[in-house]
Amino acid sequence: TSDATVDIPTAYEVIIGHADLVSEIGELAEILEQRQSHLTSIEDPLLPLRLNARYTRVEIFAAYGYRTGAKVAPWQSGVWKVPQWKSDLLAITLDKSAESFTERTSYKDYALSPTKFHWESQTDTSDQSQTGQRYIHHSSQDWKIQLFVRKSNEDRAFWYIGPAQYVEHRGS
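The shown structure was predicted, so the numbers you read here are calculated from the model rather than taken from an experiment.

*Asks:* It is not clear to me how the nonpolar core should be interpreted in this structure. Could you clarify?
*Replies:* For soluble globular proteins, nonpolar side chains are generally found buried alongside one another. Core analysis: the biggest nonpolar cluster contains 16 residues, and Leu49, Tyr64, Leu89, Phe148 and Tyr160 have the highest contact counts within it. Here this core takes three residues from helix H3 (residues 57-63), the largest share from any one element. By size, the runner-up hydrophobic cluster in this structure holds eight residues, among which are Leu90, Ile145, Val149 and Ala164.

*Asks:* Please explain the packing of aromatic side chains as it appears in this structure.
*Replies:* What describes a pair of aromatic rings is the distance from one ring centre to the other and the angle between the planes of the rings. For the structure on display, the rule yields four aromatic pairs. Plain terms: the ring middles of Tyr64 and Trp85 are 5.2 Å apart, the flat faces sit at 75° to each other, and that makes the pair edge-to-face. Of the two residues, Tyr64 is situated in the loop between H3 and strand S4 (67-68) and Trp85 in the loop between strand S6 (79-82) and strand S7 (87-93); the sequence distance between them amounts to 21 residues. A residue is classified by how much of its surface remains accessible, and Trp85, at 21% relative accessible area, is partly exposed. Taking 4.8 Å as the distance between ring centres and 25° as the angle between the ring planes, the aromatic pair formed by Phe148 and Tyr160 counts as stacked. With Phe148 in strand S10 (residues 144-150) and Tyr160 in strand S11 (residues 158-164), this pair connects stretches of sequence that are twelve residues apart. The exposure class assigned to Phe148 is buried, which follows from its relative accessible area of 0%.

*Asks:* Would you mind going over unusual backbone geometry with me for this structure?
*Replies:* Backbone geometry follows two general trends: most residues other than glycine have a negative phi, and most peptide bonds adopt the trans configuration. The phi dihedral of Lys86 is positive, around 50°, even though this residue is not glycine. When you line up the elements, Lys86 lands in the loop between S6 and S7. According to the relative accessible area criterion, Lys86 is partly exposed, its value standing at 33%. With a phi close to 55°, Asp142 is a non-glycine residue in the positive phi region. Looking at the element boundaries, Asp142 is found in the loop between helix H4 (130-136) and S10. On the accessibility criterion, Asp142 (54% relative accessible area) is exposed.

*Asks:* Can you walk me through the sheet that holds S11 in this structure?
*Replies:* Where strands meet in a sheet, backbone hydrogen bonds hold them as pairs that are either parallel or antiparallel. Read from one edge to the other, the open sheet built from five strands follows the order S3-S11-S10-S7-S6, with strand pairing classed as mixed. Unpaired on one side and paired on the other, strand S3 (54-55) and S6 mark the two borders of the sheet. Note that S7 and S10 share seven bridges and pair parallel. Looking at the pairing, Ile92 lines up with Val149 of S10.

*Asks:* How do you make sense of a negative patch on the surface when you look at a structure like this?
*Replies:* A surface patch of like charges, here negative, comprises Asp20, Glu24, Glu27 and Glu30. Residue placement: Glu30 occurs in helix H2 (residues 19-34). Note on Glu30: relative accessible area 54%, which makes it exposed.

*Asks:* Honestly, the pattern of salt bridges in this entry has me stumped. Any pointers?
*Replies:* Side chains that differ in charge, positive against negative, can pair when their charged atoms come close. What the rule picks out here adds up to two salt bridges. Taking the shortest distance from any N to any O, the salt bridge between Asp88 and Arg134 comes out at 2.8 Å. Placement of the pair is Asp88 in strand S7 and Arg134 in helix H4, with a sequence separation of 46 residues. The pair Asp88 / Arg134 is uniform in exposure class, with both members buried. Between Arg170 and Glu168 there is a salt bridge, with the nearest N and O atoms lying 3.2 Å from each other. Each member of the pair, Arg170 as well as Glu168, carries the same accessibility label: exposed.

What counts as what
- In this convention, every chain numbers its residues from 1, walking through the sequence in written order.
- Local features in a predicted model are, by the rule used here, given only for residues with pLDDT of at least 70; side-chain atom pairs are given and counted only at 80 or more, and totals for whole chains, interfaces and linings are based on all residues.
- Note: side-chain values were computed over all heavy atoms of the structure, leaving out hydrogens and water.
- What is meant by a nonpolar core is a set of buried Ala, Val, Leu, Ile, Met, Phe, Trp, Tyr and Cys residues, joined one to another through side-chain atoms within 4.5 Å.
- Each residue is placed in one exposure class: buried if its accessible area under a 1.4 Å probe, protein chains only, is under 20% of its type's maximum, exposed if it is over 50%, and partly exposed if it falls in between.
- In this text, helices come from DSSP runs of H or I with a minimum length of four residues, and strands from runs of E with a minimum of two, each type numbered from the N-terminal end.
- Working definition: a ring pair exists when centres of Phe, Tyr or Trp rings (six-membered ring for Trp) sit within 6.5 Å. Plane angles under 30 degrees give stacked, over 60 give edge-to-face, the rest tilted.
- For two strands to pair, DSSP has to find at least two bridges joining them.
- Patch definition: residues above 30% relative accessible area lacking any salt bridge, with like charges linked at up to 9 Å and the nonpolar side chains Val, Leu, Ile, Met, Phe, Trp and Tyr linked at up to 5 Å.
- Areas reported as accessible are Shrake-Rupley estimates using a 1.4 Å probe. Residue values count occlusion only from the protein chains shown.
- Between Lys or Arg on one side and Asp or Glu on the other, a salt bridge is scored when a side-chain nitrogen of the former is within 4 Å of a carboxyl oxygen of the latter.
- Working convention for charge: Lys and Arg count positive, Asp and Glu count negative, and His plus the chain ends are omitted.
- A charged residue contributes its charge at one atom only: NZ of Lys, CZ of Arg, CG of Asp or CD of Glu.

The structure is reproduced here in structure tokens:
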């Protein structure tokens, strides 16, 4: 009847019981994946992230295999260094008007153009620090800077913008 509700496990059991339906769903999935013009793979086939797709912090960590025991490690700050991948992950929130941002953490991060992004490093990262030097010389050190951007704190997920290249810095 149209009033009946079916839970997901029951629906799954019904679907897998019909080989033709399973085959058709598989064919449809392939067609839909080919039509995804807004998603692009990146150059690292081991990293299960797609450009222009949205990911929560937990999903980003899971993609990088970053775990503490059985749980995905917590990620509270805007930058996370992942030595195994030689990557710095930058989680950027554009709208810093929320109460959770203080004057000290209201960094000025914004797009300059379709291909350039202005990012302010954390207050305690100077251009002479080990972290600052890693950012500046990341290319020659075979280190990657990965950008994940969301509009506001209300957004659970970040858009994966992809790898960034250092261009210049001003001040310390």
